[in-house]
Amino acid sequence: MKIKEVRELDAKALAEKITEAEANLNQTKLNHQITPLENPSQIKAARRDLARMKTELRQRELNK
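Residues numbered from 1 in each chain as written. Predicted model: local features only at pLDDT ≥ 70, side-chain atom pairs only at ≥ 80, totals over all residues. Heavy atoms only, no water.

### Observations concerning the overall build of the protein chain
Heads up, the rule is: Per the convention used, a helix needs a DSSP run of H or I reaching at least four residues, while a strand needs a run of E reaching at least two, with both numbered from the N terminus. Note on exposure labels: buried denotes an accessible area under 20% of the residue type's maximum, exposed denotes more than 50%, and partly exposed covers the range between, all computed with a 1.4 Å probe on protein chains only. Throughout, a residue-residue contact means that at least one pair of heavy atoms, one from each residue, lies within 4.5 Å. Working definition of accessibility: Shrake-Rupley area with a 1.4 Å probe, residue cover restricted to the visible protein chains. In summary, the charge assignment counts Lys and Arg as positive and Asp and Glu as negative, without counting His or the chain termini. Working definition for charges: the position is that of NZ of Lys, CZ of Arg, CG of Asp or CD of Glu.
Helix and strand content of the protein chain: three helices and zero strands. Moving toward the C terminus, one meets the helices and strands of the protein chain in the order α-α-α. By principal-axis analysis of the C-alpha atoms, the protein chain measures approximately 45 × 15 × 15 Å. Per-residue burial for the protein chain yields a buried fraction of 19% across its 64 residues. A separation of at least 24 residues holds for 68% of the contacts in the protein chain among residues at least 6 apart in sequence. Carbon together with sulfur atoms contributes 50% to the accessible area of the protein chain, which is approximately 5,000 Å² in total. Distance between charge centroids for the protein chain: 6 Å, based on 14 positive and 10 negative side chains.

### Things to note about helix H3 (residues 41–62)
Residues separated by three or four positions in an α-helix point in the same direction, a consequence of the helix having 3.6 residues per turn. Stated precisely, the cut-off is as follows: One less than the number of residues in a helix, times 1.5 Å, gives the span that helix is expected to have. The directions from the helix axis to the C-beta atoms are what the arc is built from.
Under the 1.5 Å per step criterion, the end-to-end length of H3 is 32 Å for 22 residues, consistent within 8% with the ideal 32 Å. Taken together, the buried positions of H3 are occupied by Ile43, Asp49, Leu50, Met53, Glu56 and Leu57. The buried residues of H3 all sit within an arc of 160° when viewed along its axis, so they share a single face. Next to the buried residues of H3 lie helix H1 (3–8) and helix H2 (11–34).

Written out as structure tokens, the structure is:
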């Protein structure tokens, strides 16, 4: 998810996306431990997307 897409979301939708992304990241990590992924860089990409979303949400909180 690009930063432009993240900025277009409202705060409630962004919080929901963060929850989904965290669950997805945890599930991906678990699956990778059991059976190695074909493309392990998916974990890195998911972690960075999650960080982008959390950063944007935090910036909105601070700018209120």
